[in-house]
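Residue-level structure breakdown
Next come the chains, spelled out residue by residue.
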Amino acid sequence: MTEQTYSDALRRLESIVAELERGGMDLEATLKRFEEGSALLERCQGELKEAEGRLEKLRLEDAEAMVEEAKKE
Amino acid sequence: MDGGEPVAIGEFVQSLRNRLRSDERNRNCLVRGEIRQWKAYPSGHTYFSLRDDNGQISAVIWKGRCRIPSEIEEGQEVIVLGNVDVYAGRGQLQLIVERIEPIRKIGALEQERQKLLATLQMEGVLDREKKTLPLFPKHLALITGKDSAALADMLRLSETRWPGLRRTVIGVTVQGERAVEEITRGLAVARHLSRKEYAEQTGMPPVDVVIVGRGGGSPEDLWAFNLEPVARALSTMPIPVISAVGHESDLLVSDVVADIRASTPSHAIELAVPILDDVLSLMVDIEDRLHRGSIRRFGEENLRLQQLQLRLRLAPSKGLDNAVRHLERLGNDLNGFVQSTIQANKQRLAMLEGTLLAAHPQRVLERGYLMTTNEKGEVVAKVTDLTAGETVSLHFADGTADANIDNIQQREE
């Protein structure tokens, strides 16, 4: 589940919601879907937050130096 | 200023024009330059600007004046044969084009490009499975001219679409001799930034989308994007790359090799960066549907439970009712049974009575038989129960008489 991408999660969510809207499931199945859906939603929202970050403007030489530094560690 | 009337400007310009036109040096000029702002109008005339780094002139091709080769387009280097004129209305210097031809200066380079494309095709590089963009990038890398208009456009547009998106800009030279090397090195940096190990070191998500490109220019300006080192770097990127070079002409090698082609750097941003608001709305919508879908089912369940509850509350009394009714029915049955049994018994009894009555000793006595009882009142049925001299009662049909026992004679068997 850790490698699941945002789009996989979204696709699974869509299918869960479609199932729930179709109806006709027993209570236990409904509960399971609801729980899975809620967990996926939380995960998606977490993923969205991860895209937040700085703007870094580097010249090529500085970028390369940065990369070299990191390699040494 | 010495004497004389000032000349009206219209006149002045007209006379300038005449002087220019009359000078044969200004006729049949052979001029070389780049085409800019090429525009064909509905009138049939075509206007453009002919320029190089040191100067420019407005040019016009009157409708039907000459053949316009198909390769003629924005940025194309051309040779023009034309006459100098002045458009008096605007005081504008003009070149009236008699003939125009593209310079196929990039002949050798063009051959190289075609060879490269053929090689890449043969190696299967062009047919390799292209990577798809994630729904949104967590870390966008932009490789383009430092401080270029293209960069400014991309940064502004990405900030509008997704404020706060993480972006790393790697500024490189995008034209001239150093371009091919720098673009290739820029791609190498992006490759490194996309590695998980590097991300772990920085605590940031790794680069997951790369946009490499520049604004429009002449084929020569863009030529670095046609060269092998860039093509190789593009084809081996572990994450999706968008080639975003502003041009409308032939296929650029980087366009062909990259995972995705964008017509301009801004277009690349539109492809790579969704609108955050839309994504958030989508999440809200899904959450709604998740809840509504579940609540409906929970509601149905609740209803069922309520109905069950109701039935349960009523159920015991209902059961009792049934039991009582059952009992009543049984009781009736029982009564009936009892009645009929009694009836039957009565009948039997009567019958027995009858039989009994018929067998009554009285009848027997009436026939002449006697019943004998001793002093104790016990019935004597055998002579062996008698003793001589004993007094017995003799019962007759109509009364009794006492008698003394005299002679006992037991019958022989």
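Residues numbered from 1 in each chain as written. Chains lettered and ligands numbered in written order. Predicted model: local features only at pLDDT ≥ 70, side-chain atom pairs only at ≥ 80, totals over all residues. Heavy atoms only, no water.

Observations concerning the packing of aromatic side chains
- In the structure shown here, the tally under the stated rule is five aromatic pairs over all chains.
- Ring geometry for Phe136 of chain B and Trp162 of chain B: centres 5.1 Å apart, planes at 25°, overall stacked. Taken as a pair, Phe136 of chain B in the loop between helix 2 (107–123) and strand 6 (140–145) and Trp162 of chain B in the loop between helix 3 (149–161) and strand 7 (167–172) lie far apart in primary sequence, 26 residues in all.
- On the basis of relative accessible area, Phe136 of chain B is assigned to the buried category, the value being 5%.
- Each residue in the set Tyr6 of chain A together with Phe136 and Trp162 of chain B is aromatic and connected to the rest through ring pairs, giving one cluster.
- Directly above the ring of Tyr41 of chain B sits Lys39 of chain B, whose terminal nitrogen or CZ lies 4.9 Å from the centroid. (Phe/Tyr/Trp six-rings, centres within 6.5 Å; stacked < 30°, edge-to-face > 60°. Helix = DSSP H or I, 4+ residues; strand = E, 2+ residues; numbered from the N terminus. Buried < 20%, exposed > 50% of the residue type's maximum accessible area, 1.4 Å probe, protein only. Lys NZ or Arg CZ within 6 Å of the ring centre and 35° of its normal.)

Regarding unusual backbone geometry
All names here are of chain B.
- Its identity is not glycine, yet Asn28 carries a phi of approximately 55°, on the positive side.
- Not every positive phi belongs to a glycine, and Gln37 is a case in point at roughly 50°.
- Within the fold, Gln37 resides in strand 1 (residues 29–40).
- Under the relative-accessibility criterion, Gln37 is labelled exposed at 59%.

Description of the pairing of strand 6 of chain B
All names here are of chain B.
- By the criterion of burial, strand 6 is predominantly enclosed, with six of the six residues buried.
- Direction of pairing for strand 6 relative to strand 7: parallel, over a ladder of six bridges. Pairing of Ala141 across the sheet is with Thr168, part of strand 7.
- Remark: the strand 6/helix 3/strand 7 crossover connection has right-handed handedness.
- With four bridges connecting them, strand 6 and strand 8 (residues 209–214) associate as parallel partners. In the sheet register, Leu142 faces strand 8, and the bridge partner there is Ile211. (Pairing = 2+ DSSP bridges. Right-handed = clockwise from strand over helix to strand, strands pointing away.)

Some remarks on the sheet that holds strand 6 of chain B
- Strand order in this open sheet of six strands is 1(A)-7(B)-6(B)-8(B)-9(B)-10(B), and the pairing throughout is parallel. In this open sheet, the two strands that pair with only one neighbour each are strand 1 (55–59) of chain A together with strand 10 (260–262) of chain B. Here the average twist between neighbouring strands, direction ignored, is 20°.
- Sitting on the sheet, helix 3 of chain B is in contact with strand 1 of chain A together with strand 6, strand 7 and strand 8 of chain B, with an inclination near 155° to strand 6 of chain B. (Axes fitted to C-alpha atoms, helices over the stretch in contact; angles between N-to-C directions. Contact = heavy atoms within 4.5 Å.)

Comments concerning the interface of chain B and chain A
- Tallying the contact residues gives 42 residues for chain B and 42 residues for chain A.
- Both sides together, the interface formed by chain B and chain A hides about 3,800 Å², and carbon and sulfur atoms give 65% of it.
- Looking at the side of chain B facing chain A, the largest losses of area belong to Met283, Arg289 and Leu290 of chain B, adding up to 16% of the total buried there.
- Where chain B meets chain A, there are five salt bridges.
- We note a salt bridge from Arg185 of chain B to Glu64 of chain A, for which the minimum N-O separation is 2.7 Å.
- Across the chain B-chain A interface, the total number found is 14 residue pairs in polar contact (both at pLDDT 80 or more). (Buried area = accessible area lost by both parts, 1.4 Å probe. Salt bridge = Lys/Arg side-chain N within 4 Å of Asp/Glu carboxyl O. Polar contact = N/O pair within 3.5 Å; in protein donor to acceptor, adjacent residues only side chain to side chain.)

Overview of helix 7 (residues 228–235) of chain B
- Those residues of helix 7 of chain B lying buried are Val230, Ala231, Ala233, Leu234 and Ser235 of chain B.
- Tucked into the core, helix 7 of chain B has its buried residues touching helix 2, helix 4 (179–193), strand 8, strand 9 (241–245) and helix 8 (253–257) of chain B.

A look at the sheet that holds strand 13 (residues 391–396) of chain B
- As summarised here, the arrangement of the four strands in space is 12-11-13-14 (chain B), forming an open sheet in which the pairing is antiparallel. Of all strands in the sheet, those bounded by a partner on one side alone are strand 12 (379–380) and strand 14 (399–404) of chain B.

Section: the side chain of Ser235 of chain B
Residues and elements named next belong to chain B.
- Among the structural elements, Ser235 can be located in helix 7.
- Look at Ser235 and you get buried, because its relative accessible area is 14%.
- Within polar-contact distance, the side chain of Ser235 engages the backbone oxygen of Arg232 at 3.0 Å.
- Setting aside residues no more than four positions away along its own chain, Ser235 makes contact with Val125, Arg128 and Val257.

Some details on the pattern of salt bridges
- What the rule picks out here adds up to 30 salt bridges over all chains.
- Residue Arg43 of chain A is joined to Glu47 of chain A by a salt bridge in which the shortest nitrogen-to-oxygen separation is 3.9 Å. With Arg43 of chain A and Glu47 of chain A both in helix 2 (residues 27–50) and four residues apart, this pair spans about one turn of that helix.
- Linked through salt bridges whose partners overlap, the residues forming this network are Arg43, Glu47 and Glu50 of chain A together with Lys138 of chain B.

Considerations on the confidence of the model for chain A
- Per-residue confidence for chain A averages 86 on the pLDDT scale, and 95% of its residues sit at or above 70.
- In the model of chain A, helix 2 of chain A stands out as the element of lowest mean pLDDT, 88, in contrast to strand 1 of chain A, which has the highest, 95. (pLDDT = per-residue confidence, 0-100.)

Some details on the side chain of Arg161 of chain B
All names here are of chain B.
- Residue position: Arg161 is located in helix 3.
- No salt bridge is formed by the buried Arg161; its nearest oppositely charged neighbour, Glu270, is found at 5.0 Å.
- In this structure Arg161 touches Ile269, Glu270, Val273, Pro274, Ile275 and Leu276, once residues within four positions along its chain are discounted. (Lys, Arg positive; Asp, Glu negative; His and termini not counted.)

Overview of the nonpolar core
All names here are of chain B.
- Ranked by internal contacts, the top residues of the largest apolar core, which has 40 residues, are Ile183, Leu187 and Val210.
- The leading source of residues in this core is helix 4, at seven residues.
- For Ile183, the contacting residues outside a window of four places in its chain are Val172, Thr173, Val174, Val212, Ala224, Phe225 and Val230. (Core = buried A, V, L, I, M, F, W, Y, C linked by side-chain atoms within 4.5 Å.)

A few points about the pairing of strand 1 of chain B
Residues and elements named next belong to chain B.
- Two strands pair when backbone bridges link them, and strand 1 and strand 4 (residues 77–87) are joined in this way by six bridges, in the antiparallel orientation. The residue bridging Cys29 from the neighbouring strand is Gly82, located in strand 4.
- Taken together, the five bridges between strand 1 and strand 2 (residues 46–52) define a ladder with antiparallel strand orientation. For Ile35, the partnering residue across the bridge sits in strand 2 and is Leu50.
- With antiparallel pairing between neighbouring strands as the criterion, strand 1 and strand 2 make up a hairpin whose turn holds five residues, including Gly44 at a positive phi of roughly 105°.

Digging into the packing of helix 2 of chain B against helix 7 of chain B
All names here are of chain B.
- Two elements in contact, helix 2 and helix 7, have axes separated by 11 Å at closest approach and are oriented at 25°. As judged from the angle between their axes, helix 2 and helix 7 are roughly parallel. At the point where helix 2 passes helix 7, the crossing takes the right-handed sense. Seen from helix 2, the contacting residues are Leu116, Thr119, Leu120 and Glu123; seen from helix 7, they are Glu228, Ala231 and Arg232.
- The residue makeup of the contact of helix 2 with helix 7, split by class, is three nonpolar, one polar and three charged. (Parallel < 35°, antiparallel > 145°, perpendicular 65-115°, else oblique. Left-handed = near helix turned anticlockwise from the far one by under 90°. Nonpolar A, V, L, I, M, F, W, Y, C, P; charged D, E, K, R; others polar.)

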